[in-house]
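An overview of the molecular structure
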Amino acid sequence: MPRRDLAVLAAGLALATWLVVRTTYGSLPPLRWWMGVPLAVLAVAEVLGTRALRARLAAQRDRRPPGERTAPPLRPVEPMLVARLAVLAQASAYVGAVFVGIWLGVLAHVAPAVPRLAAARGDTVAAVVGVACAAALVAAALWLESACRVPPRTGDEEGR
């Protein structure tokens, strides 16, 4: 997935959100610091899933005779599971980019207002946590997507 697409999506939504928040900030409910945490939970789940997938794929590549293994053998990875995880990774990367843009738009409006408005302090904390959690989701999704790529076979020509 091109990182440029994710960056353009996040930048466009940051601008749109900044314009909306700029116009309607007084009527918005207060933002809580924990609002971005579900994105971090998804990021942690994807990181753990990526580690497990990479271990299973590595064990599948390094098939040794059963007598040489020190740990119990891992089940082989089904190709449909890898395809589903790749789709999950792409969707998560887009969702994370959307929320990075939204939280950056909120942050762009409330951060300069911190000296003037007491409510902006709490909203700034929420926006910073939201940006960090959404960025973590994007990073985890891109790592999961890279784990789902099929490595080139040894002996294959590069032109094919």
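A brief look at the structure comes next. None of these values were measured; they are calculated from a predicted model.

Thoughts on the nonpolar core
One recurring pattern in soluble globular proteins is that nonpolar side chains are buried together. Counting residues in hydrophobic clusters, the biggest one holds 11 residues: Val21, Tyr25, Trp103, Val106, Leu107, Val110, Ala113, Ala120, Ala126, Ala127 and Val131. In contact with tryptophan 103, other than residues within four places in its own chain, are Leu31, Met35, Gly36, Ala126, Ala127, Gly130 and Val131.

Description of the packing of helix α2 (residues 37-61) against helix α3 (residues 79-110)
Two elements in contact, α2 and α3, have axes separated by 12 Å at closest approach and are oriented at 150°. Comparing their axes, α3 and α2 come out roughly antiparallel. In the crossing of α2 with α3, the sense of the turn from one axis to the other is left-handed. Between α2 and α3, the residues in contact are Leu39, Glu46, Leu53 and Arg56 and Leu81, Val82, Leu85, Leu88, Ser92 and Phe99, respectively.

Thoughts on the side chain of threonine 50
Looking at where threonine 50 falls in the secondary structure, it is placed in helix α2. A polar contact is formed between the side chain of threonine 50 and the backbone oxygen of glutamate 46, at a distance of 2.7 Å. Setting aside residues up to four positions removed in sequence, threonine 50 forms contacts with Ala140, Trp143, Leu144 and Ala147.

Overview of the packing of α3 against helix α4 (residues 119-147)
Here α3 crosses α4 at 160°, and the two axes come no closer than 7 Å. In terms of their interaxial angle, α3 and α4 are classed as roughly antiparallel. The two elements α3 and α4 cross, and the hand of that crossing is left-handed. Tallied by class, residues from the contact of α3 with α4 come to 25 nonpolar, 5 polar and 2 charged.

Thoughts on helix α1 (residues 3-24)
Between its first and last C-alpha, α1 extends 31 Å over 22 residues, near the 32 Å set by a 1.5 Å rise per residue. Among all positions in α1, only Leu6, Ala10, Ala14, Thr17 and Val21 are buried. The buried residues of α1 occupy an angular sector of 80° when the element is viewed end-on, so they sit on one face. Opposite the buried face of α1, at more than 90 degrees from it, the exposed residues are Arg4, Val8, Leu15, Arg22 and Thr23. For α1, the secondary structure elements touched by its buried residues are α3 and α4.

Here's the deal with a nonpolar patch on the surface
On the surface, Trp33, Trp34, Met35 and Val125 cluster together into a nonpolar patch covering about 450 Å² of accessible area. Here valine 125 lies in helix α4.

Examining α2
In an α-helix there are 3.6 residues to a turn, and that puts residues three or four apart on one side. Here α2 spans 36 Å end to end across 25 residues, near enough to the 36 Å set by a 1.5 Å rise per residue. Within α2 the residues assigned to the buried category are Leu39, Ala43, Glu46, Thr50, Leu53, Arg56 and Leu57. As for α2, its buried residues are in contact with α3 and α4.

Here is what the cut-offs are and how they apply
- Residues numbered from 1 in each chain as written.
- Predicted model: local features only at pLDDT ≥ 70, side-chain atom pairs only at ≥ 80, totals over all residues.
- Heavy atoms only, no water.
- Core = buried A, V, L, I, M, F, W, Y, C linked by side-chain atoms within 4.5 Å.
- Buried < 20%, exposed > 50% of the residue type's maximum accessible area, 1.4 Å probe, protein only.
- Contact = heavy atoms within 4.5 Å.
- Axes fitted to C-alpha atoms, helices over the stretch in contact; angles between N-to-C directions.
- Helix = DSSP H or I, 4+ residues; strand = E, 2+ residues; numbered from the N terminus.
- Parallel < 35°, antiparallel > 145°, perpendicular 65-115°, else oblique.
- Left-handed = near helix turned anticlockwise from the far one by under 90°.
- Polar contact = N/O pair within 3.5 Å; in protein donor to acceptor, adjacent residues only side chain to side chain.
- Nonpolar A, V, L, I, M, F, W, Y, C, P; charged D, E, K, R; others polar.
- Expected span 1.5 Å × (residues − 1).
- Arc of directions from axis to C-beta.
- Patch = residues over 30% accessible without salt bridge, like charges linked within 9 Å, V, L, I, M, F, W, Y side chains within 5 Å.
- Areas by Shrake-Rupley, 256 points an atom, 1.4 Å probe, with all protein chains shown as cover.
- Salt bridge = Lys/Arg side-chain N within 4 Å of Asp/Glu carboxyl O.

Any functional reading would require information that these geometric values do not contain.
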